[in-house]
Amino acid sequence: MSTYIIRRLLAMIPTWLIIIFTVIALVRLMPGSVVDILLQEQGGQGQLGGRANVERNELLKRMGLDVPIPIQYLRYVGGVVQGDFGRSLWSQEPVTRLIAQRMPVTAEVAVLAFTTAVIIAIPVGVLSAIRRDQGTDYLLRGITVAGISVPGFAIGTAIILFPQLWWGWGVSFNYVTLTEDPLAHLKILIPPALVLGIQLSASSARLTRTMMLEVLQQDYIRTARAKGLIESTVIMKHGLKNALIPVVTVFGGQIEGLLGGSVITETIFALPGLGRLMVNSINTRDYPVVQGIVVMTAMFLMMMNLLVDLSYGWLDPRIRLR
Amino acid sequence: MHSIVNRRSAIKGIGVGALGLAGAALFGCGGGSNAGGTGQVAAGKSGQVEGATSGKGLPLNAPVVQGNKKEGGVYTLSGGETTQVQFDGHTALAGNIHHVIGEKALEPDPVTMKIKPHVVQSWEVPDKGGLTLILKLHPKLFIHNKPPWNGRQFTAEDLAWNLERHRGLYAERLKIPKASFQRASMVENLIKAEAVDPLTCKVTLSKPNASFFNGLLEVRVMLMPREMDDIGYTDPMKMGNIGPYEVAEWVTDTRTVFKKNPRYAEFQPGQPHFDTFRTIGIPDTVAAQSAFISGQIATVGVGAPDLLDAIRRGRPDANLYTWVDSNWFHVRPSCDFPPFKDYRVRQAMHLAFDYKRQGDSEYGKDGGWAYMAALHPAFPEGWSSDKVQSIAGYNPDTKAADIAEAQKLMAAAGYPNGKGIGYEIIHGGSTNNHALRWEAMMKEAFTEMKPVVKPLGGGATFANRQAKGDFTMLAYTITATTDPVIEMISQYRTGGSRNYGNFSNTDLDQIIDKTISELNADARKQLLEEFQQKWISEWRPMYVMHANATKTMVQANVAGFHEIAGTWSAYNAQNKVRLLQYVDK
């Protein structure tokens, strides 16, 4: 197992280097000169997080753009290896600190959304499978198809607007931290978590149903029933556990969707998370922050994929990772 | 007790004889009483503000809220993004922290545009040539009670520092590019400002500037304490100023909380009314609407007709305030593009464009927009909306004939039906609808013309190309300055800072140069009239689609908003929260 983990970690390195190269290249592919845009947008106001000179050459130097691209790339990689993702062009704060400040909000929403998705997807998928081709099955399948089809921003907008217009219940936009007011904090996070969770649950519920249908036709399920086990044990212990491997794979992959969805959700629900930092940084052309978020998110997702792979062995002892 | 400053007493100096009363009107038009600084907008019998602009064709709907007024409370607005990254009050492009915590030297009446004494309580023009100005400060201006000021008085030294810094005189020392001081033209010709005594500031000009006091009205010419350069412009918690509220809490992307400045009432008696003023970051439009309906925020902008209906359904008791803002939308041709160098082509496109169709389709049955040609109709010298509407091209009743004339002009210029004219209309996003309507109407009128709308993803990309003049045509919006001559200089003079289309005309430049130095009001008005006439009949450097309508829904329990409403209230409405208070309904 440890050999497998080490091999996977080593295999991540080239992927990670390619991602960094792609991000750096994309910044330079932006229409017009990034430096000129920055000079106009922020240098034009004479401020770079304080009293700094905003002459073009200095900005080039500060951004690390005064050397050839291969050198820029190597410098950035060297910095990242040492935990230095650069500094915000606006606030001069280290990118790592900015990300660390915003990460908790995004993580909380992601955990809540993931929990919501699991709570919805597994029972819906199982129920739909054991009620195959009955009214319940058709209803649940219809709902999940709708969940897949409707984009997150539309669900978010609906959750914000319609309860307000119909019942006078409004989402709170005055964000408070967990330590300030735990209950208010939770009330603020639940609507965006629901939006992301509903979306995530829809496809997972469909997959759970499909896998359950397949598993329920296996010989060992027939054997379990023949042994006289009660139906719930057959379904949950022998059926569901074996149906979960592909579901877990999909869930793992959808963490990426959760982080991507946070960009829209956090903007709609006015949450000060990583997604909103990303949007603001793009709007203000704060490229070190954009690069930092993309690179760190990529690293996180690669680690998540590894964890998903490792979970297979626990779910199905027949699988041995070498 | 405030001094009463009027047009004549303000200029009781040795220059009166030379300048004459007409000149005095330009230099010292701070008229009327400033008691309480509550503006000059009066409630009419109908409970609506009687706008002095009605004769100019500008709509103003500003209900006066009645009820038992209460002191205190928390007033909350949506602040959009609270990551305000432009902290320097003198170089900021847009809304800035100092717009909330600071003050301007003078205030315009938001409806009549009359200058009202404010931080500068009175002024004199003591020399004949109009090269020296004496500004007297209000004696009860105190900077917020935090280090390094600890409540010290705002003095003439602070004012002098502000005026010189706005002019860009410190650019080299501060290592800030001179071009960053975008409001430098508001204090045109200023070469020196110095404190004569703690409350008196002497300003020296290189040449007369008839627009000087109007420049001080501009919403982005904010004052700051002179220590701000040492403190820096990154941490809002360290910032201080003389305004009604001081920063109490700053949470990036979440909220900014301001608490009442306890000594502000010594400057403006009884103000501010709310104990706390708070902005919360709500970047999404729908979220802001929902926040308004649920009562979490006090105001919400309602531009589109369907949005207004939705808000009315959700919050039927809220009040709608409508006025024509100082913004103006336009489509600007590049005069470097060969076909657009020809006046006939530019005029033909004007005649073909249907301004009424554009305005009505954007603002719906409630209207609110105004016709505009060279100068914003809210300028006292600007042509009224009604007058502009009567001119060929603008007049909806003669549109068919105008289009026929346009086709003749286009053919005479060598482009029959627009053949051979292909161009892009770039925009940064917010003016997409204008670009699209322009494209559609040009294609209707000139079947061979090939206009193509090209959205440029980010505002910065658009701004970059605009600044470089890298376009054939663009759609954008401008916030009018507070003086028509300053506006003319930046928009139309050869090399003007916002003359993005590189329009150049010697005759026009000469008129502008004459106007800025003209101290005789009648002569200045005549020059402005000539400018506006030639803008239409000889130059046609751009197409102003309309002056912008502003529509704001305000919660029913907020009183005093009618004092904010008006053309010149843009940008610093947050500064005017001091005028508002809650009422029991």
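For the structure itself, consult the block above.
Treat the numbers as computed from the prediction; the structure is a model and nothing was measured.

Criteria and cut-off values
Residues numbered from 1 in each chain as written. Chains lettered and ligands numbered in written order. Predicted model: local features only at pLDDT ≥ 70, side-chain atom pairs only at ≥ 80, totals over all residues. Heavy atoms only, no water. Phe/Tyr/Trp six-rings, centres within 6.5 Å; stacked < 30°, edge-to-face > 60°. Helix = DSSP H or I, 4+ residues; strand = E, 2+ residues; numbered from the N terminus. Buried < 20%, exposed > 50% of the residue type's maximum accessible area, 1.4 Å probe, protein only. Patch = residues over 30% accessible without salt bridge, like charges linked within 9 Å, V, L, I, M, F, W, Y side chains within 5 Å. Areas by Shrake-Rupley, 256 points an atom, 1.4 Å probe, with all protein chains shown as cover. Salt bridge = Lys/Arg side-chain N within 4 Å of Asp/Glu carboxyl O. Core = buried A, V, L, I, M, F, W, Y, C linked by side-chain atoms within 4.5 Å. Pairing = 2+ DSSP bridges. Axes fitted to C-alpha atoms, helices over the stretch in contact; angles between N-to-C directions. Parallel < 35°, antiparallel > 145°, perpendicular 65-115°, else oblique. Left-handed = near helix turned anticlockwise from the far one by under 90°. Contact = heavy atoms within 4.5 Å. Nonpolar A, V, L, I, M, F, W, Y, C, P; charged D, E, K, R; others polar.

1. Notes on the packing of aromatic side chains
Residues and elements named next belong to chain B.
- Scanning all chains against the criterion turns up 24 aromatic pairs over all chains.
- A centroid spacing of 6.0 Å and a plane angle of 45 degrees characterise the contact between Y75 and F277, whose relative ring orientation is tilted. On the criterion of sequence distance, the pair formed by Y75 in strand β3 (residues 74-78) and F277 in strand β12 (residues 276-280) is long-range, its members being 202 residues apart. The same class applies to Y75 as to F277, namely buried.
- For the ring pair F258 and F277, a centre distance of 5.4 Å and an interplane angle of 25 degrees mean the geometry is stacked. Placement of F258 in strand β11 (residues 255-260) and of F277 in strand β12 is noted, with a sequence separation of 19 residues between them. Each member of the pair, F258 as well as F277, carries the same accessibility label: buried.
- Put simply, the rings of Y75, Y245, F258, F274, F277 and Y582 touch in pairs and so form one group of aromatic residues.

2. As for a nonpolar patch on the surface
All names here are of chain A.
- A cluster of nonpolar side chains, contributed by I119, I120, L186, I190, L194 and I198, occupies part of the molecular surface with about 460 Å² of accessible area.
- Put simply, the parts of the chain that give the nonpolar patch at least two residues each are α5 (95-130) and α8 (182-215).
- The element that contributes the greatest number of residues to the nonpolar patch is α8, accounting for 4 residues.

3. Let's talk about the nonpolar core
- The biggest cluster of nonpolar side chains holds 145 residues, and the ones touching the most others in it are M349, Y423, W438 and W535 of chain B.
- Membership of the second largest hydrophobic core comes to 62 residues, among which are V171, A193 and V195 of chain A together with I311 of chain B.

4. Brief notes about the sheet that holds β3 of chain B
Residue and element names in this part refer to chain B.
- Across the sheet, 4 strands lie side by side as β3-β12-β11-β10; this open sheet has mixed pairing. The strands lining the two open edges of the sheet, one partner per strand, are β3 and β10 (245-251). Neighbour-to-neighbour, the strand axes of this sheet turn through a mean angle of 20 degrees, independent of strand direction.
- In terms of strand pairing, β11 meets β12 through 5 bridges, oriented antiparallel. Among the inter-strand pairings, V257 is bridged to a residue of β12, identified as R278.

5. Observations concerning the packing of helix α17 (residues 506-517) of chain B against helix α18 (residues 521-539) of chain B
Residues and elements named next belong to chain B.
- Packing of α17 against α18 brings their axes to within 10 Å, and their N-to-C directions diverge by 160 degrees. Judged on the interaxial angle alone, α18 and α17 are roughly antiparallel. Our pair here, α17 against α18, has a crossing hand that is left-handed. For the pair formed by α17 and α18, the contact residues are D507, L508, I511, K514 and T515 on the first element and R524, L527, L528, E530, F531, K534, E538 and W539 on the second.
- Across the contact of α17 with α18, the residue classes tally to 6 nonpolar, 1 polar and 6 charged.

6. A closer look at the sheet that holds strand β2 (residues 68-70) of chain B
Residue and element names in this part refer to chain B.
- The strand order β2-β20-β19 describes an open sheet built from 3 strands, whose pairing is antiparallel. Because the sheet does not close on itself, it has two edges, and the strands there are β2 and β19 (558-559).
- Relative to strand β20 (residues 581-584), β19 runs antiparallel, the two being bridged by 2 bridges. Bridge pairing in β20 links A559 to Q581.

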